[in-house]
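Residues per chain are reported as follows:
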Amino acid sequence: MDCFFDILKNANERLAEQVHEEDNYKPFTVSSILGKRTDRLIIIEKGRKYYIRITFLNEEAFNFFTIKIFKSKYSKEKLKINDIEFYISNVIFHEKQSKWAGILTENELLSTNYNNNVIKLRFYTPTLFRIGDKHLGYPFPDKVFKSLLKKFNKYAEFKINEDYANMFSDIEILNKRTYKKRVYMRNYYLDGFIGTVEYKIPTDDRNFFKVIHMLADFAFFSGVGYKTTMGFGQVKKLGE
């Protein structure tokens, strides 16, 4: 995350300070190194390519950040992550180039029609929820969708009625194939989960139905749960 703020600060110091001061929910996510296990030390080898993923919920931050990234790429400026220097060899935006890339506008999200009452989410990186001093590493429906609702309402122009949160606990876990994953930080560790969960929407309320699907699609960009700016909670909705 420090690397992210350094890049954004070089692009626009005012915006970087504004984003840094955001409480609880920040308008971006940063993944761990994609394809590498998070429960063991990652060995970085010289000359190899590594991928990280950054998402934005703030268009201004996206614009300044990407301009700076492209300038760094073409000038072959080094990018330092945890004291290791990298060169930027490629910047991917389109979903045809990578399953991790894509752009979704608010209007596209609001205009999408949904038919399935089962939603399948795959949690690719360890996911957990912080409740006071406790950390919960289980895909509770109310925790998953409440996390998404709060972030959606903070950054979207269209606001979802937060009374729907009272119905999140009625969502059922239809199938679950998850595994516990421990992530070692500098002086501590966190226990989360990864895997696939199918949630069933147990209501004929079409508005609630649409809300849950919208939040599930939004999860790909917002992340779910605790420390999404440090690689946790990278999620994708599967199929339809």
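Now for a look at the structure at hand. (Residues numbered from 1 in each chain as written. Predicted model: local features only at pLDDT ≥ 70, side-chain atom pairs only at ≥ 80, totals over all residues. Heavy atoms only, no water.)

1. Overview of helix α3 (residues 59–74)
As a reminder, the rule being used: Each helix is a run of H or I in the DSSP string that is no shorter than four residues. Each strand is a run of E no shorter than two, and both are numbered from the N terminus. Helices are assigned an expected span. That span is 1.5 Å times one less than the residue count. Relative accessibility decides the category of a residue: with a 1.4 Å probe and only protein chains considered, values under 20% of the type maximum give buried, values over 50% give exposed, and everything between is partly exposed. Here the arc refers to the directions that run from the helix axis out to each C-beta atom. Nitrogen and oxygen atoms within 3.5 Å of one another constitute a polar contact, given that in protein one can donate a hydrogen and the other can accept it, and given that sequence-neighbouring residues count only through two side-chain atoms.
Here α3 is 16 residues long and its end C-alpha atoms lie 23 Å apart, about the 22 Å a rise of 1.5 Å per residue gives. All of the buried residues along α3 are A61, F65, T66, K68, I69, S72 and K73. Down the axis of α3, the sector holding all buried residues measures 165 degrees, keeping them to one side. With respect to the buried face of α3, the exposed residues turned more than 90 degrees away are E59, K71 and Y74. Of the residues that open α3, the one with a side-chain oxygen 2.9 Å from the backbone nitrogen of E60 is N58.

2. A word on unusual backbone geometry
Positive phi, normally seen in glycine, also occurs at K76, with a value near 55 degrees. A residue is classified by how much of its surface remains accessible, and K76, at 64% relative accessible area, is exposed. Positive phi, close to 55 degrees, is recorded for K227, a residue that is not glycine. For K227, the position within the fold is in the loop between α6 (206–222) and β10 (235–238).

3. Re the pairing of strand β3 (residues 78–81)
As a reminder of what qualifies: Two strands form a pair only when DSSP identifies at least two bridges running between them.
Inspection of the sheet shows β3 paired to strand β4 (residues 84–87) by four bridges, in the antiparallel sense. Note that in β4 the partner of K80 across the bridge is E85. Where β3 hands over to β4, the hairpin turn is made up of two residues, of which N82 adopts a positive phi near 50 degrees.

4. Focus: the packing of helix α5 (residues 141–155) against α6
Formally: Axes here mean lines fitted to C-alpha atoms, for a helix over just the part in contact, with angles spanning 0 to 180 degrees between N-to-C directions. By the definition adopted for this analysis, an angle is roughly parallel if under 35 degrees, roughly antiparallel if over 145, roughly perpendicular if from 65 to 115, and oblique otherwise. Whether two residues are in contact is decided by their heavy atoms, any of which lying within 4.5 Å being enough.
Look at α5 against α6: their axes get within 9 Å of each other, and the N-to-C directions meet at 75 degrees. Here α5 is positioned roughly perpendicular relative to α6, judged by the angle of their axes. The segment α5 lies against α6, with F145, L148, L149, K151 and F152 engaging I212, M214, L215, F218, A219 and S222.

5. Overview of the pattern of salt bridges
Think of it this way: side chains of opposite charge can pair up when their charged atoms draw near. Selection rule: By salt bridge we mean one thing: a side-chain nitrogen of Lys or Arg within 4 Å of a carboxyl oxygen of Asp or Glu.
One pass over the full model with this rule turns up eight salt bridges. The partner of K143 in a salt bridge is D142, and the shortest N-O contact between them spans 3.3 Å. Here K237 makes a salt bridge to D217, at a shortest N to O gap of 3.3 Å. Of this pair, K237 sits in strand β10 while D217 sits in helix α6, and the two are 20 residues apart along the sequence.

6. As for the nonpolar core
Rules: In these notes, a set of buried Ala, Val, Leu, Ile, Met, Phe, Trp, Tyr and Cys residues joined through side-chain atoms within 4.5 Å is what counts as a nonpolar core.
Within the largest apolar cluster, 37 residues are counted, with the highest numbers of intra-cluster contacts made by L121, F123, V144, F145, F168 and L215. Top element by residues in this core is α6. It accounts for eleven residues. Once residues within four sequence positions are removed from consideration, L121 is found in contact with V144, F145, G195, T196, V197, Y199, A216, V235, K236 and K237. F4, L8, A16 and V19 belong to the second largest nonpolar core, which has 16 residues in total.

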